[in-house]
Amino acid sequence: MKIKSLKAIGKNQAFYRASLAALPRAMKPLETVLTPEECAQVEALLSRGGYYEKSDKYNGDFLANGGGKFLQIFNPAIATQKHCFSGEAYPGIPVYEKPKFFNGDQWEKHWDKDQYPLVLSTYKPILRSNYSGFFDHCNQVSPQNFIYMNKNTAQQFGLKDKERVVLTSPDGVTAEGVLVCDDGVAQMTVCVPHAYGHWAGGVEVREVDGKSLPVARRRGGGTAINRLIPVDPTRPGAVKVLNDYYAGAFCRSGIPVKVEQYREMKPIGCPVM
């Protein structure tokens, strides 16, 4: 299919799509590499998130069998569920609640917000996963991740772009990495992608029948995020990892952290290689 320029869409619609897709920021590094015609094609592709094939499955930009327009405010199935510890019924409607522990205590009751003023956000990168990190060609394309922070937030804490920093969770567990200042990150937050910083799976020294196996240090590049998940101080039992109060999933986002300039120290919470 021939890709049309954004100009063919109409100025208003083009501007709207460009704003949603953050095209000015995405296209800036490409403008010095691509021709104007190529840039127009890339802009058109990114502004739509891709192109749909011509098929009876679609009615314009939407699925033909997508159903009517509706918004489910109340979910009766959710409302019948109860929390395993408190016994309280789930609300069944959208509600705003501050993050809380297993017993219902808010995080701020146990973790000092002034000591851990930043909020950790994580995501799964496109170029690497927990499994693709075992392939050399993936490691060559994306050998490490970075700790992303808004430049204004970095200045507030005396941090500089491309310098080495230390992330610390409320447990005192640390992780090191390289800071990258990015305006696309919300202020007072830290963003780090998954799938990096492995310390097993061939990264460590292993012996079989008295012989050392080759070490793949390249798989361990970057910062590991899972170690930063703190324990729930209110949760009984041996396994106390912090979980979402309702869904039960590991809390890999929203965790309060602090970021400091790198200093010589023994990492806490992971094997020392």
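The structure reproduced in this document is the subject of the present report. Note that the structure is a prediction, hence the values are computed from the model and not measured. (Residues numbered from 1 in each chain as written. Predicted model: local features only at pLDDT ≥ 70, side-chain atom pairs only at ≥ 80, totals over all residues. Heavy atoms only, no water.)

**Regarding the overall build of the protein**
Phase 1 of the analysis: A tally of helices and strands in the protein yields 6 helices and 10 strands.
Phase 2 of the analysis: Burial statistics for the protein: of 273 residues in total, 32% are counted as buried.
Phase 3 of the analysis: In the protein, 66% of the contacts between residues at least 6 apart in sequence involve partners at least 24 apart.
Phase 4 of the analysis: As presented, the protein carries roughly 18,000 Å² of accessible surface, and 55% of it is formed by carbon and sulfur atoms. (Helix = DSSP H or I, 4+ residues; strand = E, 2+ residues; numbered from the N terminus. Buried < 20%, exposed > 50% of the residue type's maximum accessible area, 1.4 Å probe, protein only. Contact = heavy atoms within 4.5 Å. Areas by Shrake-Rupley, 256 points an atom, 1.4 Å probe, with all protein chains shown as cover.)

**With respect to the pattern of salt bridges**
Phase 1 of the analysis: Counted under the stated rule, the structure contains 4 salt bridges.
Phase 2 of the analysis: Asp161 is the salt-bridge partner of Lys162, the closest N and O atoms lying 2.8 Å from each other.
Phase 3 of the analysis: Exposure remark for Lys162: the relative accessible area of 55% places this residue in the exposed category.
Phase 4 of the analysis: For the salt bridge of Arg164 with Glu176, the shortest nitrogen-to-oxygen distance reads 3.8 Å. Of this pair, Arg164 sits in strand E5 (residues 164–168) while Glu176 sits in strand E6 (residues 174–181), and the two are 12 residues apart along the sequence.
Phase 5 of the analysis: A residue is classified by how much of its surface remains accessible, and Arg164, at 40% relative accessible area, is partly exposed. (Salt bridge = Lys/Arg side-chain N within 4 Å of Asp/Glu carboxyl O.)

**Overview of the side chain of Asn243**
Phase 1 of the analysis: Structurally, Asn243 can be placed in the loop between strand E9 (211–212) and strand E10 (255–261).
Phase 2 of the analysis: Judged by relative accessible area, which is 14%, Asn243 ranks as buried.
Phase 3 of the analysis: At 2.2 Å, the side chain of Asn243 forms a polar contact with the side chain of Arg235.
Phase 4 of the analysis: Those residues within four positions of Asn243 in sequence are excluded, and the remaining contacts are Arg235, Gly248, Ala249, Phe250 and Cys251. (Polar contact = N/O pair within 3.5 Å; in protein donor to acceptor, adjacent residues only side chain to side chain.)

**Observations concerning the sheet that holds E5**
Phase 1 of the analysis: Taken in spatial order, the 6 strands line up as E3-E7-E4-E6-E5-E10 and close into a barrel, and their pairing is mixed. Ignoring which end each strand starts from, the neighbouring axes of this sheet average 45 degrees apart.
Phase 2 of the analysis: Where E5 lies against E6, 5 bridges are found, and the strand directions are antiparallel. Bridge pairing in E6 links Thr168 to Thr174. (Pairing = 2+ DSSP bridges. Axes fitted to C-alpha atoms, helices over the stretch in contact; angles between N-to-C directions.)

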